[in-house]
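A structural walkthrough
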Amino acid sequence: MDQKDKVLIYIWLGIGVLSQPVFSDGWTATVVKDMTALVSSCVVVPCSFKYTGANRPTSRLSGIWHFKEKPKENIYHEDSVKIVDNFKGRTKLLGSLGEGNCSLMMDQVKDHDNGPFCFRIEIPTHDQYSYVDECVRIAMLSQPLKPTLLAPKTATEGEPFTITCSVMHTCPSEWPSLTWSTGESIITYHRNHGLGKWETLSTLTLLPQEKDDHSEVSCTANFHGGKTSSERFQIFVKRKENIWYIIVPVTVGLGTAVMFGALCVLMRKKYKRQIVELQTRSGNSMWNRFSRMSRRFNSGGSEPGSASTEQRQ
Ligand SMILES: *[C@@H]1O[C@H](CO)[C@@H](O)[C@H](O)[C@H]1NC(C)=O
């Protein structure tokens, strides 16, 4: 190895040393910094992280969560002896460290669990790092939020009527359950709003009858940990605009008209016959005379004898 090669080696080494800070930028984490949690329930803090060097399997990584101000106080450690008493048995890593997932689940949330808490990775024979720029602070809710009810203003008698009940929460590992005061075809689903926020929804479909007008339906959210909240809704049922409401009166009207018409025709025939009979029976009756008189008056003096035959036409 001559002098020139040695210089080249030193240059390469120099570049290697200089580029080290660039590599250390690989120690990054993304943590949702502000979260809300319901006391007694659970909270899941989304977290992902990166480190330098080759990817390692979960078994070669040790994930820790600790207080930002007191790095020695762990709220999660795989060795439970190293967890402060208050958090023992209440914290868990969800997801897999090997995939860079450091999401933290905290159960039985207490009103002083505010943090801030930071994630720390320890990689045996490599390095360790606390991501103290990305820590989570948790705001506590002592009472749950009320569910929100969504429905059209009015229901129509006998037609499906759908009401949706939804509630926001931060405990996706134990969904809140939504229950209705009246149970008919119910569908439940969940929506991820990102940043650790979740929504659980339930839709109820009813077939309201007239008697259900002004009745109340309520939806109760039962959160993990036992807290509940509920909301009510009053149903206004509109009578169905049925085609029978048109058909029935029209039919009745037409029927009456036809019957009345038929009756008139029958009556006319009957009386006509009676009149003719009367006229033929007594040619010189009062009626005949009167009839002939009116005829003469009308036609201006035509043959009086032909009156009875004319009437028969
Ligand atoms: C991390 O793990 C949690 C729990 O299993 C999962 O819900 C979440 O989607 C994972 N995050 C990523 C970025 O994969």
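As a further point, take the nonpolar core. Of all hydrophobic cores here, the largest spans 31 residues; its most connected members are F49, W65, F117 and F119. Per-element accounting of this core gives the leading share, 4 residues, to strand β9 (residues 117-123). Look past the residues within four positions of F49 in its chain and what remains in contact with it is T28, A29, L97, G100, N101, C102, F119, I121 and Y131. By size, the runner-up hydrophobic cluster in this structure holds 18 residues, among which are L38, A155, L204 and I235.

Before going further, it helps to examine the site of the ligand. For the ligand, the full set of nearby residues is L94, G95, N101 and S103. N101 places a side-chain nitrogen or oxygen 2.3 Å from an oxygen atom of the ligand. For the ligand, the accessible surface in isolation is 360 Å², of which the surrounding protein chains cover 34%. When grouped by side-chain class, the residues that make up the shell around the ligand number 1 nonpolar, 3 polar and no charged.

Mean pLDDT over the protein chain: 83, with 77% of residues reaching 70 or higher. Confidence over residues 15-24 falls short of pLDDT 50; this stretch has 2 contacts with residues more than four positions distant or in other chains.

To continue, consider the pattern of salt bridges. Under the criterion given, the structure shown has 8 salt bridges. Two residues, K211 and D212, come together in a salt bridge whose shortest N-O distance is 3.5 Å. For E216, the salt bridge identified is with R232, shortest N-O distance 3.6 Å. Linking E216 in strand β17 (residues 216-222) with R232 in strand β18 (residues 228-234), this pair joins segments that are 16 residues apart in sequence. Taking the relative accessible area as the measure of exposure, R232 reaches 57% and is therefore exposed.

The next subject is the pairing of strand β13 (residues 161-169). β13 sits mainly inside the fold: 7 of its 9 residues count as buried. Pairing of strand β11 (residues 148-150) with β13 involves 3 bridges; the strand directions are antiparallel. If you follow L149 over to β13, its bridge partner there is C165. For β13 and strand β16 (residues 197-206), the ladder comprises 9 bridges, and the chain directions are antiparallel. Residue M168 lies in a different strand from β16, and its bridge partner there is E199.

Calculation criteria
Residues numbered from 1 in each chain as written. Predicted model: local features only at pLDDT ≥ 70, side-chain atom pairs only at ≥ 80, totals over all residues. Heavy atoms only, no water. Core = buried A, V, L, I, M, F, W, Y, C linked by side-chain atoms within 4.5 Å. Buried < 20%, exposed > 50% of the residue type's maximum accessible area, 1.4 Å probe, protein only. Helix = DSSP H or I, 4+ residues; strand = E, 2+ residues; numbered from the N terminus. Contact = heavy atoms within 4.5 Å. Near = heavy atom within 4 Å. Polar contact = N/O pair within 3.5 Å; in protein donor to acceptor, adjacent residues only side chain to side chain. Areas by Shrake-Rupley, 256 points an atom, 1.4 Å probe, with all protein chains shown as cover. Nonpolar A, V, L, I, M, F, W, Y, C, P; charged D, E, K, R; others polar. pLDDT = per-residue confidence, 0-100. Salt bridge = Lys/Arg side-chain N within 4 Å of Asp/Glu carboxyl O. Pairing = 2+ DSSP bridges.

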